[in-house]
Amino acid sequence: MLFRSGQLKWVRHICQPVLSGAGKVIGRRATHMDVTELREIMLELDESRRRMQTLMGNLPGMAYRSKNDPDWTMEFISRGCLELTGYPSSDLIGNKRLSYNDIIHPDHQERLWRKWQALLSAHEDFYDEYPIVTASGEVKWVIEKGCGVFDSDDNLVALEGFIWDNTHHRFILDELRRERKQLNELNALKDKLFTLIAHDLRNPVNSMLGFSELLYKGYGDFSENDRIRFSASLYASATAMHRLLLNLLDWSRIQTGKFVPDFIEVDLFEVVADIISFYLPDAEKKQVKLLPGIIAGTRIRTDEYALSIILRNLISNAIKFSLP
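Heads up: these notes are all about the structure in this document. (Residues numbered from 1 in each chain as written. Predicted model: local features only at pLDDT ≥ 70, side-chain atom pairs only at ≥ 80, totals over all residues. Heavy atoms only, no water.)

### Digging into the environment of Met241
Right, so step 1: Checked against the element boundaries, Met241 lands in helix α7 (residues 224–255).
Right, so step 2: The contacts of Met241, once residues within four sequence positions are left out, are Leu201, Pro204, Val205 and Met208. (Helix = DSSP H or I, 4+ residues; strand = E, 2+ residues; numbered from the N terminus. Contact = heavy atoms within 4.5 Å.)

Shown next, in the form of structure tokens:
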């Protein structure tokens, strides 16, 4: 209704008949009520409801209202239910096709029920992470956060909350845990390796220091044969150190993923023979006989460098731990 002031207002017009004593209509009685403010409240309420529906429909998860029963019977579920579970919300409301509890992984159903009841009894919000099984059979990890709805007499009438997919974040967390475990293992291995290196380096370093000091301080006091013998000992110590450093470099390349195998055809007899010749002096000291045990001309396809590492370590350890 447009008033003389130019202001537009909404009014409610109520018209009632006026009856005579004989029940005949003799006129009409009308009343007008200004409902402008009430209409504005209703429009705001409709807009608020629309925004809420839009918000819940675009959230990456699903909002819900359910009964507090073992099936978690749904009374309302937002549109995100389909993307999260693979089921349309109509399948779960009123347990029409299945209940929400049917979707929860069996290993967590009883645990969640007990936890929820304990929190609701204390009027506390509930929060947990657990797996669900979707319509396609995929296992997803979700987070649920909600609270109980109580009436004026403090009776629990419903549960309301939100559930969202946390599978990706959990995968990242699991990856970080695995990497941390691997890192701890590598650090432990590194510490052990450094201890072994320090132990293995001690003898050749002490030998080099001793013989080099003798040659430095008393070179002219020794015969030529003594000087040759000292030089041979220095060479043997330097060779042992070089071999240890090569093994350390090989280990480092493998642990950092920089070792890329190059498969070629090699003569296995020649590879073994070359490595045996390298370790012959050490074997003779321990009175150990090294034999190839392979027919000449035996060819295999392998990474020659990796094969050499394996054979060097096997032969070296065999000599090292053999009794003289």
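Read on, since the account is not over.
### Some words on the pattern of salt bridges
Right, so step 1: Taken as a whole, this structure holds 13 salt bridges when the rule is applied.
Right, so step 2: A salt bridge links Asp128 to Arg111; its shortest N-O distance comes to 2.6 Å. With Asp128 in strand β5 (residues 126–133) and Arg111 in helix α5 (residues 106–121), this residue pair connects regions lying 17 residues apart in the sequence.
Right, so step 3: Judged by its relative accessible area of 10%, Asp128 is buried.
Right, so step 4: Salt-bridge contacts for Arg229 lead to Asp226; the nearest nitrogen and oxygen are separated by 3.1 Å. In this pair, Arg229 and Asp226 both sit in helix α7, 3 residues apart, roughly one turn of the helix.
Right, so step 5: Since its relative accessible area comes to 45%, Arg229 is described here as partly exposed. (Salt bridge = Lys/Arg side-chain N within 4 Å of Asp/Glu carboxyl O. Buried < 20%, exposed > 50% of the residue type's maximum accessible area, 1.4 Å probe, protein only.)

### Details of the packing of aromatic side chains
Right, so step 1: Here the structure, examined in full by the defined rule, presents 5 aromatic pairs.
Right, so step 2: Aromatic side chains Phe211 and Phe230 sit 5.2 Å apart centroid to centroid with 40° between the ring planes, which places their arrangement in the tilted category. Of this pair, Phe211 sits in helix α6 (residues 167–218) while Phe230 sits in helix α7, placing them 19 residues apart in sequence.
Right, so step 3: Among the aromatic residues, those joined into a cluster by ring pairs are Phe211, Phe222 and Phe230.
Right, so step 4: Note that Arg170 overlies the ring of Trp141, its terminal NZ or CZ placed 3.5 Å from the centroid.
Right, so step 5: Seen from the ring of Tyr219, Arg227 lies directly overhead, with NZ or CZ sitting 4.5 Å from the centre. (Phe/Tyr/Trp six-rings, centres within 6.5 Å; stacked < 30°, edge-to-face > 60°. Lys NZ or Arg CZ within 6 Å of the ring centre and 35° of its normal.)

### Quick word on unusual backbone geometry
Right, so step 1: Residues other than glycine seldom take positive phi values, yet His123 does so here, at roughly 60°.
Right, so step 2: Secondary-structure assignment places His123 in the loop between α5 and β5.
Right, so step 3: One non-glycine residue, Asp154, lies in the positive phi region at around 65°.

### A look at the pairing of strand β6 (residues 139–150)
Right, so step 1: With 8 bridges joining them, β5 and β6 adopt antiparallel strand pairing. Across the sheet, residue Phe126 finds its bridge partner in β6, namely Gly146.
Right, so step 2: Count of turn residues in the β5/β6 antiparallel hairpin: 5 residues, of which Gly137 carries a positive phi of about 90°.
Right, so step 3: Here β6 pairs with strand β7 (residues 156–165) via 9 bridges, running antiparallel. Pairing of Gly146 across the sheet is with Gly161, part of β7.
Right, so step 4: The hairpin formed by β6 and β7 contains 5 residues between the paired strands, and Asp154 there has a positive phi angle of roughly 65°. (Pairing = 2+ DSSP bridges.)

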